[in-house]
Amino acid sequence: MSTFQAPKGTYDLLPPHSATYLTVREAISAPLRNSGYGYIETPGFENVELFARGVGESTDIVTKEMYAFETKGGDRLALRPEGTASVLRAALEANLHKGGNLPVKLWYSGSYYRYERPQKGRYRHFSQVGAEAIGAEDPALDAELIILADQAYRSLGLRNFRILLNSLGDKECRPVYRAALQDFLRGLDLDDDTRRRVDINPLRVLDDKRESVRKQLTGAPALGDYLCEACKAYHEQVRELLTAAGVAFENDANLVRGLDYYTRTTFEFVHDGLGSQSAVGGGGRYDGLSEMIGGPALPSVGWALGVDRTVLALEAEGVTLDIPAATAVYAVPLGEEARRVLFAQVTVLRKAGIATDFAFGGKGLKNAMKSANRSGARLALVAGERDLAEGVVQLKNLESGEQTAVPLDAVVDEVRRTLG
Ligand code: HAM
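Just so it is clear, the structure is predicted and the values come from calculations on it, not from any experiment.

Enquirer: Can you lay out the sheet that holds strand E1 (residues 38-39) for me, pointing to particular residues and giving the numbers?
Expert: One open sheet accounts for 8 strands, arranged E1-E5-E6-E11-E10-E9-E7-E8; its pairing is mixed. Since the sheet does not close on itself, it has two edges, and those belong to E1 and strand E8 (250-251), each with one partner. Where strand E5 (residues 104-113) meets strand E6 (residues 125-134), 10 bridges bridge the pair, whose relative direction is antiparallel. Among the inter-strand pairings, Gly110 is bridged to a residue of E6, identified as Gln128.

If you want it as structure tokens, here you go:
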């Protein structure tokens, strides 16, 4: 293995492509920042127990995909496979829920780690932007989050995504359904692994992609038929609010999700151009998670959108983001004296908020102009000894080729005027 190789299932973000990722993160978080969500950052690792209890002992994430390890000091830690448990842990630890201002609305952006079988759209290190609204049971909050994710995707120009919506019931009705489903599943011809799954997490069996299992599932009891009146009414309100907001969704009774903490509202954003890894984002309500990790009852809801898959979705739709060139002005000095003078001008321009770069490394004129063009700059500042003797620099418009002499002390104004 070469030393210059990123670990399996990971990749590097490099310029200029990396600018797209920054723009996507920015676009996903913009509606959240505009809606009362405060920024939170938590460590990249946590006590392994947090995820085991929070995400669920029977999930693939905990049993197969967690990067868990013991430190030299004997702590059992895990790289975070997701953000919700960590954010809730942090909010509880800081007593944010006791400030008398519920829900606590938080957003985050970061790297997550799952030891999955890598393929396009599925990585071992990936990036999410997420939001959690902690401590309120209100269908408008569920609707708000779905609306904000929809708005984020639309602002990026994505069109071919769908929102799948379901309700998983609550602690009243889900156990009744679970028992009925187990009765049904125990009558089927299933392998030992799947039978174990029937015991610990029967809803996940509904998600089994194998044809041999799928064909036996017709006639399985449907969760929708078991929802209690409170859950039904709650779900109806979420749907009404989404409809009133003009957000289209599809009811999907089979949407189970891969994490155990969900109650009531669950949803997934799927993109039809991504093949098997079609979920670009997902989330739902997790009214019991706080108690599962040892906190008070705090009904909550949230989502996380995958940045990697969102970028793939943009590519699949042929959407190119309008990302302004990083550099507006490129300075090209000819000779030692010009280097000093132009380098000082570069600092002045940067202080004035104009993105400026400089031909470092003593390049000749031809090479320096090539770099200026590659940088995407619209203007080049060129100066040689004769210009300096006259107290001017040449301002060259790299699009039109037009060139004008500008007095040194008028450079910032003239650049501003030309850039518009
Ligand atoms: P999740 O569905 O596991 O939910 O992940 C959310 C999104 O992260 C996925 O839809 C996908 O875009 C991206 N993602 C997940 N795994 C990978 C991977 N291996 N490679 C690339 N992208 C991936 C959660 O993580 C929940 N914490 C969401 C949530 C927040 N629920 C409530 N609040």
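Enquirer: Break down the domain arrangement of the protein for me, with residues and values.
Expert: Split into domains, the protein comes out as domain 1 (18-173 + 227-317) and domain 2 (329-419). The distance between the C-alpha centroids of domain 1 and domain 2 comes to 48 Å.

Enquirer: How would you summarise the pattern of salt bridges if you had to cite specific residues and measurements?
Expert: Counted according to the given criterion, the structure contains 29 salt bridges. With a closest N to O distance of 2.9 Å, Lys105 and Glu144 form a salt bridge. Placement of the pair is Lys105 in strand E5 and Glu144 in helix H5 (residues 139-155), with a sequence separation of 39 residues. On the basis of relative accessibility, which here comes to 22%, the residue Glu144 falls in the partly exposed class. Between Arg285 and Asp287 there is a salt bridge whose closest N-O contact spans 2.8 Å. Note on Arg285: relative accessible area 0%, which makes it buried. Three or more residues joined by partner-sharing salt bridges are found here, namely Glu46, Arg89 and Glu93.

Enquirer: An account of the sheet that holds strand E16 (residues 403-407) is requested, with residue identities and associated values reported.
Expert: Ordered by their spatial adjacency, 5 strands build an open sheet running E13-E12-E14-E15-E16, and the pairing between neighbours is mixed. Each end of this open sheet is capped by a strand with a single partner; those strands are strand E13 (356-358) and E16. For this sheet, the mean inter-axis angle between neighbouring strands, taken without regard to orientation, is 25°. Pairing of strand E14 (residues 379-383) with strand E15 (residues 392-397), which is carried by 4 bridges, proceeds in the antiparallel orientation. When the bridges of E15 are listed, Ala380 appears paired with Lys396. Strands strand E12 (329-333), E14 and E15 of the sheet are contacted by helix H14 (residues 365-374), whose axis makes an angle of about 175° with E12.

Enquirer: Just give me the short version of the pairing of strand E9 (residues 263-271), but keep the residues and values in it.
Expert: Most of E9 is tucked away, with 9 of its 9 residues classed as buried. Here 7 bridges tie strand E7 (residues 161-167) to E9, and the two strands are oriented antiparallel to one another. Each bridged residue has a counterpart across the sheet, and for Phe161 the counterpart in E9 is His271.

Enquirer: With reference to specific residues and values, describe a positive patch on the surface.
Expert: Judged by side-chain charge, Lys363, Lys366, Lys370 and Arg374 come together as a positively charged surface patch. Take Lys370: its relative accessible area is 45%, and that puts it in the partly exposed class.

What counts, and where the lines are drawn
- Residues numbered from 1 in each chain as written.
- Predicted model: local features only at pLDDT ≥ 70, side-chain atom pairs only at ≥ 80, totals over all residues.
- Heavy atoms only, no water.
- Pairing = 2+ DSSP bridges.
- Helix = DSSP H or I, 4+ residues; strand = E, 2+ residues; numbered from the N terminus.
- Domains from an automatic or database assignment.
- Salt bridge = Lys/Arg side-chain N within 4 Å of Asp/Glu carboxyl O.
- Buried < 20%, exposed > 50% of the residue type's maximum accessible area, 1.4 Å probe, protein only.
- Axes fitted to C-alpha atoms, helices over the stretch in contact; angles between N-to-C directions.
- Contact = heavy atoms within 4.5 Å.
- Patch = residues over 30% accessible without salt bridge, like charges linked within 9 Å, V, L, I, M, F, W, Y side chains within 5 Å.
- Areas by Shrake-Rupley, 256 points an atom, 1.4 Å probe, with all protein chains shown as cover.
- Lys, Arg positive; Asp, Glu negative; His and termini not counted.
- Charge placed at Lys NZ, Arg CZ, Asp CG, Glu CD.

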